[in-house]
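Here are the chains, one letter per residue:
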Amino acid sequence: MKKHHLKVLVPGILAVTALALAVGVGAQTPPPPGPPPTGVGAQTPPPPAPPQAPNPGHHKDSAAAAKHDADLKAECEAMMAKKKAMEEKLQAMDATLDKLVATMNAAKPEVDMEKPMAAVINELVAQRKASRAMMMEMQPAMMAHMLHHMQMHGAKGAMECPMMKTDNPPEPKAEEKKPTM
């Protein structure tokens, strides 16, 4: 057999085998409970287990849980502060860009348009790099923070974080000025 055929045949066989194993695993379920067997060779079911006393080490005691909740709340507040600082930086960046665009729009096309345009383009590049750096810095901390919520409160815990709730969503700007050329 040629090598080309093996390149196609081997992955196909592996895929079929994996599919067959997955289907086979799902087929191995216990039979549904029915009436106990009677007659010769019937086994008697085991007696029901006695009720167990609560295990004191199984659940966190309330003091430890309260401390963990307080730590998580402090972590939420710190993340909210970081988010607010990032939003303020982005607003300052927008203001800087607005000033440069206004300067560019005020320039007379027949005189000197290169410097204002270069300033706007350079600022856009710098802001793009700064935004990406802020995002890359914040992302691992945010993921760790959400993981803490999920460890404490399960899968829905992350959605209970104040960071995930918005009291006042940003409103779209009524009028955006487009640069004139």
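Residue positions are given per chain, counted from 1 along the sequence in the order it is written. Reporting of local features is limited, given that this is a predicted model, to residues whose pLDDT is at least 70; pairs of side-chain atoms are given and counted only at 80 or more, and all residues count toward the totals for whole chains, interfaces and linings. By convention in this description, side-chain values take in all heavy atoms of the structure and omit both hydrogens and water.

### With respect to the nonpolar core
In terms of nonpolar packing, the biggest core is built from seven residues, these being C76, M79, M138, M146, A158, C161 and M163. In this text, helices come from DSSP runs of H or I with a minimum length of four residues, and strands from runs of E with a minimum of two, each type numbered from the N-terminal end. Among the secondary structure elements, those contributing two or more residues to this core are α2 (62–106) and α3 (114–153). Only heavy atoms enter the contact rule, under which two residues are in contact if any of them lie within 4.5 Å. Not counting the four nearest positions on each side in its chain, M138 is found in contact with M79, K82 and K83. Within this scheme, the nonpolar core is defined by two criteria: the residues are buried Ala, Val, Leu, Ile, Met, Phe, Trp, Tyr or Cys, and they are joined through side-chain atoms within 4.5 Å. A simple rule labels every residue: compare its accessible area, found with a 1.4 Å probe on the protein chains alone, to the largest value its type can have, and call it buried under 20%, exposed over 50%, or partly exposed in between. Grouped together as the second largest cluster of nonpolar side chains are six residues, V101, A107, M113 and V120 included.

### Regarding the confidence of the model for the protein chain
Here pLDDT means the predictor's own confidence in every residue, given as a number from 0 to 100. In this model, the protein chain carries a mean pLDDT of 74, and residues with pLDDT of at least 70 account for 58%. Per-element mean pLDDT across the protein chain ranges from 60 in helix α1 (residues 3–27) up to 89 in α3.

### Focus on α2
Expected span of a helix: the number of residues minus one, times 1.5 Å. With 45 residues, α2 should cover 66 Å at 1.5 Å per step; its first-to-last C-alpha distance of 65 Å lies within 8% of that length. Among all positions of α2, only L72, C76, M79, M93, L97, V101 and M104 are buried. As for α2, its buried residues are in contact with α3.

### Topic: the side chain of H149
Looking at where H149 falls in the secondary structure, it is placed in helix α3. Judged by relative accessible area, which is 5%, H149 ranks as buried. In this structure, H149 is in contact with L72, C76, G154, G157, A158 and C161, ignoring residues within four places of it in sequence.

### A short note on a nonpolar patch on the surface
Surface patches are defined over residues having more than 30% relative accessible area and no salt bridge, joining like charges when they lie within 9 Å and nonpolar side chains (Val, Leu, Ile, Met, Phe, Trp, Tyr) when within 5 Å. For accessible areas, the Shrake-Rupley method is used with a probe of radius 1.4 Å. Any residue's cover is judged against the shown protein chains and nothing else. Note on definitions: salt bridges are taken to be side-chain nitrogens of Lys or Arg within 4 Å of carboxyl oxygens of Asp or Glu. On the surface, M117, I121 and V125 cluster together into a nonpolar patch covering about 230 Å² of accessible area. Summarising the element assignment, I121 is placed in helix α3.

### Considerations on α3
An ideal rise of 1.5 Å per residue puts 58 Å on 40 residues; α3 measures up with 57 Å between its terminal C-alpha atoms. A residue's bend is the angle separating two fitted axes: one through the seven residues that end there, the other through the seven that start there. The largest bend in α3 is about 25°, located at Q139, with the proline P140 one to four residues further on. Within the span of α3, buried status applies to P116, V120, Q127, M134, M138, H145, M146 and H149. The elements touched by buried residues of α3 are α2. Where α3 ends, the next residue or the one after it, G154, has phi of about 85°, a positive value.

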